[in-house]
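Reading the structure
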Amino acid sequence: MKILFIALTAYLIGSFCASIPLSRRLYGGDVRLCGSGNAGATNMARVYGMKAGLGTLLLDMLKTVLAMLLGKYIMGSAGMAIAGAFCMIGHCFPLYFGFRGGKGVSVGAALGLMSGLPVLGAIMAIFFATAVISRKVSLGSMAAAAGLPIASWLAGAGTEMLIMNVFSALLVVFMHRSNISRLIKGTEPDFRPKNF
């Protein structure tokens, strides 16, 4: 019952995709109808500017941290890992928004944070280096996702957290399948936020 409660609660928390209510209340539109059609921080920045993108990133990270702390309180490290995985699922397939959510990058950043500051630092370095060199946020996001389980393993994360991070990395890459197709074709656009 504890596992079910953590999984369900984390999924419902994860289903709150910050970009959708923010875009509706602050900008009078649905971010999923603009830009790439994704409900994540990158598309918020592309459509409404860097402040909107950073606000979305922080709120989505916050919900993940809260869900994982709740899981940890109930079941320790196993509960924290379960909460992280189901928060990721909720973010990508949100109950409240027709199962059309983000691609899990903001949640992945929070998973890195909860795995330890060295892990967060490593995946941020991977993200920025790849994104700056390639000028493709999607490529940076996938590279950071791939680095998450490796960095957490090197940092000595427990088995539960490693499993969670492997699962989350695979889901992030899966959610970027359309970007992968465009990267292969050479049609993936460079990232330019609205302010720039």
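These figures come from a predicted structure and were not determined experimentally. (Residues numbered from 1 in each chain as written. Predicted model: local features only at pLDDT ≥ 70, side-chain atom pairs only at ≥ 80, totals over all residues. Heavy atoms only, no water.)

**Things to note about the pattern of salt bridges**
This model, assessed by the stated rule, comprises four salt bridges. The partner of R32 in a salt bridge is D30, and the shortest N-O contact between them spans 2.8 Å. Among the ionic pairs, R182 bridges to E188, the shortest N-O distance being 2.7 Å. Here R182 falls in the partly exposed class, since its relative accessible area comes to 27%. Of the residues examined, E188 reaches a relative accessible area of 10% and is grouped as buried. Salt bridges sharing partners connect three or more residues here, namely R24, D30 and R32. (Salt bridge = Lys/Arg side-chain N within 4 Å of Asp/Glu carboxyl O. Buried < 20%, exposed > 50% of the residue type's maximum accessible area, 1.4 Å probe, protein only.)

**Comments concerning the packing of aromatic side chains**
Across all of its chains, the model carries three aromatic pairs by this definition. A centroid spacing of 4.3 Å and a plane angle of 15° characterise the contact between Y27 and Y48, whose relative ring orientation is stacked. One end of the pair, Y27, is in helix 2 (residues 19–27); the other, Y48, is in helix 3 (residues 41–48), with 21 residues separating them in the sequence. A relative accessible area of 36% places Y27 in the partly exposed class. Here Y96 and F97 contribute two aromatic rings whose centre-to-centre distance is 6.3 Å and whose plane-to-plane angle is 90°, an arrangement assigned as edge-to-face. With a relative accessible area of 45%, Y96 lands in the partly exposed category. The lysine or arginine in question, R177, covers the ring of F174, its NZ or CZ lying 4.2 Å from the ring centre. (Phe/Tyr/Trp six-rings, centres within 6.5 Å; stacked < 30°, edge-to-face > 60°. Helix = DSSP H or I, 4+ residues; strand = E, 2+ residues; numbered from the N terminus. Lys NZ or Arg CZ within 6 Å of the ring centre and 35° of its normal.)

**Thoughts on the packing of helix 7 (residues 137–154) against helix 8 (residues 159–175)**
Taken N-terminus to C-terminus, the directions of helix 7 and helix 8 make an angle of 170°; their axes are 9 Å apart at the nearest point. Classified by the angle between their axes, helix 7 and helix 8 sit roughly antiparallel to one another. Contacts between helix 7 and helix 8 involve S141, M142, A145, L148, P149, S152 and W153 from the first element and L162, N165, V166, A169, V172 and V173 from the second. (Axes fitted to C-alpha atoms, helices over the stretch in contact; angles between N-to-C directions. Parallel < 35°, antiparallel > 145°, perpendicular 65-115°, else oblique. Contact = heavy atoms within 4.5 Å.)

**So, the packing of helix 5 (residues 105–115) against helix 7**
Two elements in contact, helix 5 and helix 7, have axes separated by 10 Å at closest approach and are oriented at 20°. Between helix 5 and helix 7, the interaxial angle falls into the category roughly parallel. The two elements helix 5 and helix 7 cross, and the hand of that crossing is left-handed. Residues V105, G108, L111, G112 and S115 of helix 5 touch helix 7, and the partners they reach there are S141, L148 and S152. Broken down by class, the residue content of the contact of helix 5 with helix 7 amounts to three nonpolar, five polar and no charged. (Left-handed = near helix turned anticlockwise from the far one by under 90°. Nonpolar A, V, L, I, M, F, W, Y, C, P; charged D, E, K, R; others polar.)

**What about helix 5?**
By the criterion of burial, helix 5 is predominantly enclosed, with nine of the 11 residues buried. Residues of helix 5 that are buried include every one of S106, V107, G108, A109, A110, L111, G112, M114 and S115, and no others. Residues of helix 5 that are buried sit in contact with helix 3, helix 4 (50–92), helix 6 (117–134), helix 7 and helix 8. G116 occupies a position one or two residues after helix 5 and carries a positive phi of about 130°.

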